[in-house]
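So you can see what is in the structure, the chains are spelled out below.
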Amino acid sequence: IKSKLHHNAYVTEDMEAVRKFYEEIIGFQLVATWAEQTELFGKERTYMHCFFDIGDGSCLAFFQFADPEDAKEFGPELPPSGFRHLAMKVDQETQDGIRDRLAAAGITEPQAYILNHGYCYSLYVSDPSGLLIEFTVDHEDVDSINAGQRQTAHKDLARWLAGDHTPNNTQYHR
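Residues numbered from 1 in each chain as written. Predicted model: local features only at pLDDT ≥ 70, side-chain atom pairs only at ≥ 80, totals over all residues. Heavy atoms only, no water.

K.L.:
Residues and numbers for the overall build of the chain, please.
P.N.:
Secondary structure assignment for the chain yields four helices and eight strands. For the chain, the sequential pattern of α-helices and β-strands runs β-α-β-β-β-α-β-α-β-β-β-α. C-alpha atoms of the chain, sized along the principal axes, occupy 50 × 40 × 35 Å. Evaluated residue by residue, the chain yields a buried proportion of 33% over its 174 residues. Contacts in the chain between residues far apart in sequence, at least 24 positions, make up 55% of those at least 6 positions apart. Carbon together with sulfur atoms contributes 54% to the accessible area of the chain, which is approximately 11000 Å² in total. Positive and negative side-chain charges in the chain, numbering 15 and 28 respectively, have mean positions lying 4 Å apart. (Helix = DSSP H or I, 4+ residues; strand = E, 2+ residues; numbered from the N terminus. Buried < 20%, exposed > 50% of the residue type's maximum accessible area, 1.4 Å probe, protein only. Contact = heavy atoms within 4.5 Å. Areas by Shrake-Rupley, 256 points an atom, 1.4 Å probe, with all protein chains shown as cover. Lys, Arg positive; Asp, Glu negative; His and termini not counted. Charge placed at Lys NZ, Arg CZ, Asp CG, Glu CD.)

As structure tokens, then:
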């Protein structure tokens, strides 16, 4: 399979706050704004759809509806969770720059936080729409780590599903 992310979409009630966050703090440029009106799910909907380039031509996209009832209907459907997020692969310089710009904007712990996963080192922050986004820097030995994981992925999954929940992520923490 040959594929690339086109965009990930999310609903916001405050597109200007989202624009400022992604353009002015994170550094993702607004590349398209589409104002649309169409019949969707039994009702005519009026909305805008903004795309922010993540650096490789792929985008984060956000919808804002003219009718607040449409926003309530379409999301986000679930309460925020640290386990539902979008992860962006960045280098250390980029992660450091984002961390510094977040701090300069007054966005610090607990709104923005770092986790060392061992195989990667991640900066997490919620955007103004509630989307949790992760900026991750891979471990310096990521190719070897990934090769090892590819070799044992099915065996590790079977072990977990059989009830053995022993951690296997203990050797790569920096």
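K.L.:
Any details on helix H3 (residues 92-104)? Residues and values, ideally.
P.N.:
Spanning 13 residues, H3 covers 18 Å between terminal C-alpha atoms, matching the ideal 18 Å at 1.5 Å per step. Following H3 by one or two positions, Gly106 has its phi on the positive side, about 85 degrees. (Expected span 1.5 Å × (residues − 1).)

K.L.:
Go over the sheet that holds strand E1 (residues 7-11), please, and point to the residues and values.
P.N.:
Strand order in the open sheet formed by four strands is E1-E4-E3-E2, with mixed pairing between adjacent strands. What marks the edges here is a single partner per strand, and that holds for E1 and strand E2 (29-40). On average, each strand axis in the sheet is inclined to that of its neighbour by 25 degrees, with strand direction left out of account. When E1 meets strand E4 (residues 59-65), the two strands line up parallel, connected through five bridges. Note that in E4 the partner of Ala9 across the bridge is Ala61. (Pairing = 2+ DSSP bridges. Axes fitted to C-alpha atoms, helices over the stretch in contact; angles between N-to-C directions.)

K.L.:
Outline helix H1 (residues 15-26), listing residues and values.
P.N.:
Taken residue by residue, H1 has Met15, Val18, Arg19, Phe21, Tyr22, Glu23, Ile25 and Ile26 as its buried positions. The positive-phi residue at the C-terminal boundary of H1 is Gly27, with phi of around 105 degrees.

K.L.:
Tell me about unusual backbone geometry, and please be specific about residues and values.
P.N.:
Cis peptide bonds are those with omega within 30 degrees of zero, and the linkage from Glu109 to Pro110 qualifies with 5 degrees. Even without glycine at this site, Phe41 takes up a positive phi of about 55 degrees. Structurally, the position occupied by Phe41 is in the loop between E2 and strand E3 (43-53).

K.L.:
Any chance you could break down the nonpolar core for me, citing the residues and the numbers?
P.N.:
By size, the foremost hydrophobic cluster in this structure holds 25 residues, and its most contacted members are Tyr22, Ile26, Phe28, Phe62, Leu102 and Phe135. Ranked by residues supplied to this core, first place goes to H1 with six residues. Ignoring any residue separated from it by four or fewer positions in sequence, one finds Tyr22 in contact with Gly27, Phe28, Phe52, Leu60, Phe62, Asp127, Leu131 and Ile133. (Core = buried A, V, L, I, M, F, W, Y, C linked by side-chain atoms within 4.5 Å.)

K.L.:
So what about a nonpolar patch on the surface? Which residues, and what values?
P.N.:
Together, Leu157, Trp160 and Leu161 give the surface a local cluster of nonpolar side chains, amounting to about 360 Å² of exposed area. For Leu157, the location among the structural elements is in helix H4 (residues 142-161). (Patch = residues over 30% accessible without salt bridge, like charges linked within 9 Å, V, L, I, M, F, W, Y side chains within 5 Å. Salt bridge = Lys/Arg side-chain N within 4 Å of Asp/Glu carboxyl O.)

K.L.:
Break down the environment of Leu157 for me, with residues and values.
P.N.:
Accessibility expressed as a relative area gives 47% for Leu157, which makes it partly exposed. Spatially, the C-alpha atom of Leu157 lies 12 Å from that of Pro167, the residues being ten residues apart in sequence.

K.L.:
An account of the sheet that holds strand E5 (residues 86-89) is requested, with residue identities and associated values reported.
P.N.:
Strand order in the open sheet made by the four strands is E5-E8-E7-E6, with mixed pairing throughout. Among the strands making up the open sheet, the edge pair consists of E5 and strand E6 (112-116). The sheet shows a mean angle of 25 degrees between the axes of neighbouring strands, direction not considered. Relative to strand E8 (residues 132-138), strand E7 (residues 120-126) runs antiparallel, the two sharing seven bridges.

K.L.:
Tell me what's going on with the packing of aromatic side chains, and back it up with residues and numbers.
P.N.:
A full pass over the atoms with the stated rule returns 13 aromatic pairs. With centroids separated by 6.2 Å and ring planes inclined at 55 degrees, the aromatic side chains of Phe28 and Phe135 adopt a geometry described as tilted. Of this pair, Phe28 sits in the loop between H1 and E2 while Phe135 sits in strand E8, and the two are 107 residues apart along the sequence. Judged by relative accessible area, Phe135 falls into the buried class, the value being 0%. Considering the side-chain rings of Tyr113 and Tyr124, the 5.1 Å spacing of their centres and the 15 degrees angle between planes classify their relative orientation as stacked. Taken as a pair, Tyr113 in strand E6 and Tyr124 in strand E7 lie far apart in primary sequence, eleven residues in all. (Phe/Tyr/Trp six-rings, centres within 6.5 Å; stacked < 30°, edge-to-face > 60°.)

Interpretation in functional terms is not warranted from these geometric data alone.
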